[in-house]
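# Coordinate analysis (summary)
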Amino acid sequence: MKKAVCACLVLILLLTPFACKQSESIVNEQPHATTEVQPTAVSQETAKPQTVEIPVVNPFTDSYEDSLPENAEDGLTLHAFNWTYHEIMINLENIRNAGFKNVLTMPVQQPKGGGATWWAFYQPLSFSIGVDSATGSKEDLIALCSEAEKYGICILVDVVVNHMANIDDDAKEPDGTPTVLPAVAEYEPKLYNNRNEDVDGIGVTFHHNRLAGGSGAETQVYAYGNLPDLDTSNAYVQERVLSLLKECIDAGVDGFRFDAAKHVETERDPDYPSDFWNNTLEVAKTYYHDLTGKELYVYGEILNTPSGRDLSCYTDHMRITDDGFTAQFKNAFANKDPNRILDADVKGGDPTKLIAWVESHDEYVTTNTHYSDVRVAKFWSVIAAKKGLGGLYLARPNEELTVGQIGSYAYESEYVAVSNRFHNRFYDAESYESADGTCYVNEKVGKNDQGVLILNVGDVDPKATVQVAVPHLENGMYYDSLTGSEVPVSGNVAYVRFEANGMAVITRSKDVHPQLSVSERDCT
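Below or above, wherever it landed, is the structure these notes cover. (Residues numbered from 1 in each chain as written. Predicted model: local features only at pLDDT ≥ 70, side-chain atom pairs only at ≥ 80, totals over all residues. Heavy atoms only, no water.)

In terms of regular secondary structure, the protein chain is built from 16 helices and 19 strands. Every one of the 524 residues in the protein chain was classed for burial, and the buried ones make up 58%. At a minimum sequence separation of 6, the contacts of the protein chain that also span at least 24 residues come to 71%. (Helix = DSSP H or I, 4+ residues; strand = E, 2+ residues; numbered from the N terminus. Buried < 20%, exposed > 50% of the residue type's maximum accessible area, 1.4 Å probe, protein only. Contact = heavy atoms within 4.5 Å.)

If you check helix α16 (residues 414-426), its first and last C-alpha atoms are 18 Å apart, about what 13 residues at 1.5 Å a residue would give, namely 18 Å. Of all 13 residues that make up α16, eleven are buried, and the element is covered over most of its length. The complete set of buried residues in α16 reads V416, A417, V418, S419, N420, R421, F422, H423, N424, R425 and F426. Taken together, the buried residues of α16 touch α3 (92-97), α15 (373-385), β11 (390-394), β13 (439-445), β14 (450-456) and β19 (503-507). (Expected span 1.5 Å × (residues − 1).)

The backbone phi angle of A260 is positive, close to 50 degrees, even though this residue is not glycine. Checked against the element boundaries, A260 lands in the loop between β7 (255-259) and α9 (276-279). Overall, A260 belongs to the buried group, its relative accessible area being 9%. For L401, which is not a glycine, the phi torsion comes out positive at approximately 60 degrees.

Moving on, we get to the environment of E173. Tracing the backbone shows E173 in the loop between β6 (154-160) and α5 (184-187). Linking E173 and N196, residues 23 residues apart in sequence, is a C-alpha distance of 8.8 Å. Discounting chain neighbours no more than four positions away, the residues touching E173 are P178, T179, V180, R195 and N196.

Turning to its location among the elements, N456 is positioned in strand β14. Note on N456: relative accessible area 4%, which makes it buried. Looking at N456, its side chain comes within polar contact range of the side chain of T438, at 2.9 Å. (Polar contact = N/O pair within 3.5 Å; in protein donor to acceptor, adjacent residues only side chain to side chain.)

Once that is clear, we can look at the packing of aromatic side chains. As enumerated under the stated definition, the model contains 17 aromatic pairs in all. Aromatic side chains F325 and F329 sit 5.3 Å apart centroid to centroid with 75 degrees between the ring planes, which places their arrangement in the edge-to-face category. For the pair F325 and F329, a shared accessibility class is recorded, and that class is buried. Counting every residue linked through ring pairs, the aromatic cluster contains W83, F100, W380, Y393, Y409 and Y411. (Phe/Tyr/Trp six-rings, centres within 6.5 Å; stacked < 30°, edge-to-face > 60°.)

Each strand in a sheet pairs with another by means of backbone hydrogen bonds, the pair being arranged parallel or else antiparallel. Taken in spatial order, the eight strands of this closed barrel run β2-β3-β6-β7-β8-β9-β10-β11, and their pairing is parallel. Within the sheet, the average angular offset between the axes of one strand and its neighbour, ignoring direction, is 30 degrees. Alignment of strand β8 (residues 297-300) against strand β9 (residues 319-322), held across two bridges, turns out to be parallel. Directly across from Y299, in β9, lies its bridge partner R319. Strands in contact with helix α8 (residues 235-251) are β6 and β7; relative to β7, the strand with the most contacts, it is inclined by about 145 degrees. (Pairing = 2+ DSSP bridges. Axes fitted to C-alpha atoms, helices over the stretch in contact; angles between N-to-C directions.)

Right, let's talk about the pattern of salt bridges for a bit. Taken as a whole, this structure holds 20 salt bridges when the rule is applied. Notably, a salt bridge pairs D316 with R268, separated by 2.8 Å at the nearest N-O pair. Residue D316 is located in the loop between α11 (312-315) and β9, and its partner R268 is located in the loop between β7 and α9; the two are separated by 48 residues in the primary sequence. Given the relative accessible area of 40%, R268 is considered partly exposed. (Salt bridge = Lys/Arg side-chain N within 4 Å of Asp/Glu carboxyl O.)

This part takes up the state of the cysteines. Under the criterion given, the structure shown has zero disulfides. Of the cysteine sulfurs around C248, a residue in no disulfide, the closest is that of C145, at 8.5 Å. We classify C248 as buried; its relative accessible area is 0%. (Disulfide = S-S within 2.5 Å.)

Our focus in this paragraph is the environment of D170. Inspection of the secondary structure puts D170 in the loop between β6 and α5. Residues D170 and N226, 56 residues apart in the sequence, show an inter-C-alpha distance of 7.2 Å.

In this section: the pairing of strand β3 (residues 102-107). Counting buried residues along β3, six of its six residues qualify, which places the element largely inside the surrounding structure. Pairing of strand β2 (residues 77-79) with β3, which is carried by three bridges, proceeds in the parallel orientation. Among the inter-strand pairings, L78 is bridged to a residue of β3, identified as V103. As defined by bridge partners, β3 adjoins β6 across four bridges and the pair is classed as parallel. In the strand pairing of β6, L104 is matched with L156.

Take it as geometry only, folks, not as evidence of what the structure does.
As structure tokens, then:
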């Protein structure tokens, strides 16, 4: 790798022949809270061998106790993709120790063919909890939710409300719209019997628009991917969806992911408005609050930006996915440029309305090229530290995409766990992002606590002590959560020795490290 210019203002130890000198303008820079700060230029000059003066600083009185956030919306989510309810349950202790507050399951409804393949879960047969599903029974889900509560973990379930199962990718009705799988009739007879015409007085339950016009046509009232598109403005369809949400809440579920939420109209749609979300999700929120006294955690899958509709149409009801956030800085390491991270925008500008990922299950299964677990963990650290942003970490499936088998335990790795715990510790603290040389910096300043995430995207020498500007941290002794090594901070400068991966998660706690039980399990 080529040597980066001024890589994080490195001052090399006695046996190392070169040094990078810290510019005072960087040390004294004061970025604004929760805003991205443009970096100041750094000077470099050749220097004679010299010994780094490591400042002598006092330790802090630290009384922090590691814990999960109280509320689901303040925590990070593990996507237990292809896991059964039982597999989630027996791994709850490790999930908690890794710092995840929430776990997202596969779609909860009865899947096509019992769920023999992962995609069959996204073609449901019912609007009730699956009775013959590869992920488990309703009783298994109830047991999972009950056990998760003991660990302070919230269970979220995926639900599919936009469409139902088809016969195959080619089967069509005479009008050219997708044919509903007859097996739907076993679970939802009224939805099936009224699929093409109103025979029960409840209205036609599926859309039959081949070439509907208007901005909402493709995403709201037109079948997508030959999947039979439900008429979500239909009162009976809404009744069945609400029944499912309440059934899940009664089982102990604390939140929902709405698959294909972009394809369901809102009350503010310019062409096809309906009261779907008000009559389903909003009622479910009240139902959950009345039962628990807490807020239901909900997000919807909104890939890209809906045509002709403001994102607030959806964010008024739920968080939405930001599928483009990490894509903006995945080349930061190849380019040795921390500004790629610093300048990354969140969709719509408000991270509190969003949930982001390094990779989604769709992205993972549709590509043959994947990042290493360590590289994923570094990207994940940015999401975990971003103030207000929700995070979804994919537990990767195995190569065969087998339902009912855990494919990877990388979610338990120390690199992931320290980022999660950093998030849990500082989720409500002020956040200050900046770039210094080849280092991305995210400082956290709480009422009585401080810390910083530093990612060195340049060349890393583990023997070198690197000076990194931290304009908001108080003088004192901090510790790298990954290595346990001391990180003195003096005069707005942190003196850091990076591991070879260039990641440092720094707090005031000397002995708070992830207590994981990965043992002999393969985490790769």
